[in-house]
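Next come the chains, spelled out residue by residue.
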Amino acid sequence: MNKIRVGSRGSRLALAQTDAVISALRSLYPDIDFERQIVKTEGDRLQHIPVERIGDKGVFVKDIEQALIDGRIDMAVHSMKDVPPQLPDGLMIGAMPWREDPRDAFISSDGRTIEQLGRRARIGTGSARRSAQLKSCFPGIDIVPIRGSIDTRINKINEAGLDGIVLAVAGLKRLGVSDVITQILPVDVCTPAAGQGALGIEIRQSDEKAADLLMPLNHAPTRAAVDAERMFIAMMGGDCSTPIGVYGEVDGVDILLRAAVEKDGCIMRHSVKGTIVGYQNVVSQLVTLFEE
């Protein structure tokens, strides 16, 4: 355990997130050499294709998970919104550090908020979830599919003549570019993706030493909220490309779980409140509301 290989995607955001985790681990364990290893994923190789058209769950994580299974790396740092609800056999999330702001941000071309834009405004996003909710709240807008790194998508505003784009607040903050945000969208306008803003450090279930090392990094409220969100996605039969938003807000021992689901072309919204220890019941109640 004198050397730990930490897998990461190669994007600027992924590297920043992985480096932050490695920095925290190094401060805890100065005698261990934590080495970052970049693993190119299918989602990175197919940047020109919308995620939902690639037709595979976990396009940003499965290659990294295979490296973990094969023993080529010892840990993997993921954005939890990219991780499918069902992990491969033999793997587990060893820790979820404190969650950054999970909401979505609107970046305007001219400083106007999304409410101030007229009909036929051109909004860029590569997310089916964001697209469905934005169309519901702002009828008449045109959604322009965009993909790529955060920098690439911001540049698309001018290159594609967009009125604005929607990105996750967390990524912008982690890259130190949150000054580009025009407005942060309320959860009841654009409910976040399950796990958005949270990081997960994945390890092999058999690696007890790695699990022990990661224990101090785990943030219990974040873990409870994200576990509830991921359970909801699993029970609804969704994945990271499905137009479903769900957000768990933890306050002490209580959790408020809110969700937005596209059904028959319309967005349905429901929420349920309960306790962390009984979050499974909260999830089940929420699922039932959408099935009625």
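Here, every reference points to the structure presented above.
Bear in mind that the values here come from a model prediction, so they are computed numbers and not experimental data.

Undergrad: Honestly, the pattern of salt bridges in this entry has me stumped. Any pointers?
TA: Side chains that carry opposite charge are capable of pairing whenever their charged atoms lie near each other. Under the counting rule described, the total for this entry stands at 19 salt bridges. A salt bridge links glutamate 35 to lysine 3, with the shortest nitrogen-to-oxygen separation between them at 3.1 Å. On the criterion of sequence distance, the pair formed by glutamate 35 in strand E2 (residues 33–38) and lysine 3 in strand E1 (residues 3–8) is long-range, its members being 32 residues apart. What makes glutamate 35 partly exposed here is its relative accessible area of 27%. For lysine 3, a relative accessible area of 45% corresponds to the partly exposed category. The residue aspartate 110 makes a salt bridge to arginine 112 at a minimum N-O spacing of 3.0 Å. Several salt bridges converge on common partners, so that one network encompasses Arg5, Asp74, Arg204 and Asp207.

Undergrad: Where do I start with the sheet that holds E1 in this structure?
TA: Strand pairing within a sheet occurs via backbone hydrogen bonds; the two strands may be parallel or antiparallel. Strand order in the open sheet formed by five strands is E2-E1-E3-E10-E4, and the pairing between neighbours is mixed. The open sheet has two edge strands, E2 and strand E4 (91–95), and neither has a second partner. On average, each strand axis in the sheet is tilted by 35° relative to the strand beside it, whichever way the strands run. For E1 and strand E3 (residues 75–79), the ladder comprises two bridges, and the chain directions are parallel. Residue pairing in the sheet places valine 6 in a bridge with methionine 75 of E3. Helix H1 (residues 12–28) contacts E1, E2, E3 and strand E10 (199–204) of the sheet and is inclined by roughly 170° relative to E2. Along the sheet, helix H4 (residues 62–70) contacts E1, E3, E4 and E10; its crossing angle with E3, the most-contacted strand, is approximately 165°.

Undergrad: What's the story with the side chain of threonine 125 in this structure? I'm lost.
TA: Relative to the elements of secondary structure, threonine 125 occurs in the loop between strand E6 (122–124) and helix H5 (128–137). A distance of 3.1 Å separates a polar atom in the side chain of threonine 125 from the backbone nitrogen of serine 127. Once residues lying within four places of it in the same chain are set aside, the contact partners of threonine 125 are Arg130, Ser131, Ile143, Val144, Pro145, Ile146 and Val166.

Rules and cut-offs
Residues numbered from 1 in each chain as written. Predicted model: local features only at pLDDT ≥ 70, side-chain atom pairs only at ≥ 80, totals over all residues. Heavy atoms only, no water. Salt bridge = Lys/Arg side-chain N within 4 Å of Asp/Glu carboxyl O. Helix = DSSP H or I, 4+ residues; strand = E, 2+ residues; numbered from the N terminus. Buried < 20%, exposed > 50% of the residue type's maximum accessible area, 1.4 Å probe, protein only. Pairing = 2+ DSSP bridges. Axes fitted to C-alpha atoms, helices over the stretch in contact; angles between N-to-C directions. Contact = heavy atoms within 4.5 Å. Polar contact = N/O pair within 3.5 Å; in protein donor to acceptor, adjacent residues only side chain to side chain.

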